[in-house]
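The chain contents come next:
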Amino acid sequence: MLKFIDNPYLHQEILTFIVICILFILRIFSSELIKKFARLNDALEHRTRLIIKYINILLGILAIFSIVIIWGVKKDQIFLFISSTFAVVGVASFAQWSILSNITAGIILFFSYPFKIGDKIRILDKDFPIEGEIEDIKAFYIIIITNEGEEVTYPNNLLMQKGILKITSTFEDKEFTD
């Protein structure tokens, strides 16, 4: 028992345990909150799981950062590591910026929820206007079936840049005449 009290790292071990417990609680709470939001907006299950995955990754990174600080890694060493990591990732993903922007746009589309599967939309693009029904919404793009039956994949980041017109039913109730 005396050796347990003499442990010089007891304080860091307790704080690490607390951070891990908080991580699990936040993961459960955020997952339930996102699922509730998705049920209210009739979101698809795979989109909900994708957003939960993104949030869990973010929480994991924050937990690792907190544990590194608890264990006394010097701030200048942390900033050197982070800046080096961002430099490598920045150079490696410079050509892949569109992937990151599509993921970000997918998250924004999930939470703002401007349209859903089955909606008829018109993308107001001067050069290439597209009109059709949304068949599926993915992490990087949406699939639109045009009025001519063509399947078009449209990147999420372009959806954030273009105007979208949601087409409502134009059925007119007219009296039948011979």
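Residues numbered from 1 in each chain as written. Predicted model: local features only at pLDDT ≥ 70, side-chain atom pairs only at ≥ 80, totals over all residues. Heavy atoms only, no water.

1. Considerations on the overall build of the protein chain
Line of reasoning, step 1. For the protein chain, the count of helices and strands is six helices and five strands.
Line of reasoning, step 2. Counted from the first residue to the last, the protein chain has its helices and strands arranged as α-α-α-α-α-β-β-β-β-α-β.
Line of reasoning, step 3. By sequence separation, contacts in the protein chain at least 24 residues apart represent 53% of the contacts at least 6 residues apart.
Line of reasoning, step 4. Only carbon and sulfur atoms are counted for the fraction: they give 66% of the accessible area of the protein chain, which is about 13100 Å². (Helix = DSSP H or I, 4+ residues; strand = E, 2+ residues; numbered from the N terminus. Contact = heavy atoms within 4.5 Å. Areas by Shrake-Rupley, 256 points an atom, 1.4 Å probe, with all protein chains shown as cover.)

2. Examining the pattern of salt bridges
Line of reasoning, step 1. One pass over the structure, following the stated rule, counts three salt bridges.
Line of reasoning, step 2. D125 is the partner of K162 in a salt bridge, and the nearest nitrogen-oxygen pair spans 3.5 Å. In this pair, K162 sits in the loop between α6 (156–161) and β5 (163–167) while D125 sits in the loop between β1 (120–124) and β2 (130–137), placing the two residues 37 residues apart along the sequence.
Line of reasoning, step 3. Of the residues examined, D125 reaches a relative accessible area of 14% and is grouped as buried. (Salt bridge = Lys/Arg side-chain N within 4 Å of Asp/Glu carboxyl O. Buried < 20%, exposed > 50% of the residue type's maximum accessible area, 1.4 Å probe, protein only.)

3. What to know about the environment of G118
Line of reasoning, step 1. Assignment of secondary structure puts G118 in the loop between α5 (97–112) and β1.
Line of reasoning, step 2. Sequence separation of G118 and D136 is 18 residues, and the distance between their C-alpha atoms is 8.3 Å.
Line of reasoning, step 3. What G118 contacts, discounting residues up to four positions off in sequence, is E133 and I134.

4. Quick notes on helix α3 (residues 45–70)
Line of reasoning, step 1. Compared with the 38 Å implied by 1.5 Å per residue over 26 residues, the 37 Å span of α3 between its first and last C-alpha is a close match.
Line of reasoning, step 2. Considered for burial, the residues of α3 that qualify are R47, T48, I51, I52, Y54, N56, L59, G60, A63 and I70.
Line of reasoning, step 3. Note on α3: the residue one or two positions beyond its end, G72, has a positive phi of about 85°. (Expected span 1.5 Å × (residues − 1).)

5. Points about the packing of aromatic side chains
Line of reasoning, step 1. If you walk through the whole model with that rule in mind, you get one aromatic pair.
Line of reasoning, step 2. Ring centres of Y9 and W71 lie 5.9 Å apart, and the angle between their planes is 40°; on these two criteria the pair is classed as tilted. In this pair, Y9 sits in the loop between α1 (2–5) and α2 (10–40) while W71 sits in the loop between α3 and α4 (75–92), placing the two residues 62 residues apart along the sequence.
Line of reasoning, step 3. Residue classification places W71 among the partly exposed positions, given a relative accessible area of 38%. (Phe/Tyr/Trp six-rings, centres within 6.5 Å; stacked < 30°, edge-to-face > 60°.)

6. As for the sheet that holds β1
Pairing between the strands of a sheet is mediated by backbone hydrogen bonds and can be parallel or antiparallel.
Line of reasoning, step 1. The five strands are arranged β4-β3-β2-β1-β5 in an open sheet whose pairing can be described as antiparallel. Two strands bound the open sheet, and with one partner strand each, they are β4 (151–155) and β5. Each adjacent strand pair in this sheet contributes to an overall mean axis angle of 40°, direction not counted.
Line of reasoning, step 2. With five bridges connecting them, β1 and β5 associate as antiparallel partners. Along β5, the bridge assignment pairs R122 with L165. (Pairing = 2+ DSSP bridges. Axes fitted to C-alpha atoms, helices over the stretch in contact; angles between N-to-C directions.)

7. Here's the deal with the nonpolar core
Line of reasoning, step 1. L109, F115, I121, I123, I130, I134, I137, I142, I144, V152, Y154 and L159 form the largest nonpolar core, which has twelve residues in total.
Line of reasoning, step 2. When residues of this core are traced back to their parent elements, those giving at least two are β1, β2, β3 (141–146) and β4.
Line of reasoning, step 3. Here this core takes three residues from β2, the largest share from any one element.
Line of reasoning, step 4. Those residues in contact with I130 that lie beyond four places of it in its chain are I121, R122, I123, I144, T146, V152 and Y154.
Line of reasoning, step 5. Among the nonpolar cores identified, the runner-up in size contains seven residues, and I51, Y54, F110 and A139 belong to it. (Core = buried A, V, L, I, M, F, W, Y, C linked by side-chain atoms within 4.5 Å.)

Fair warning: the whole summary comes from geometry, so function is off the table for now.
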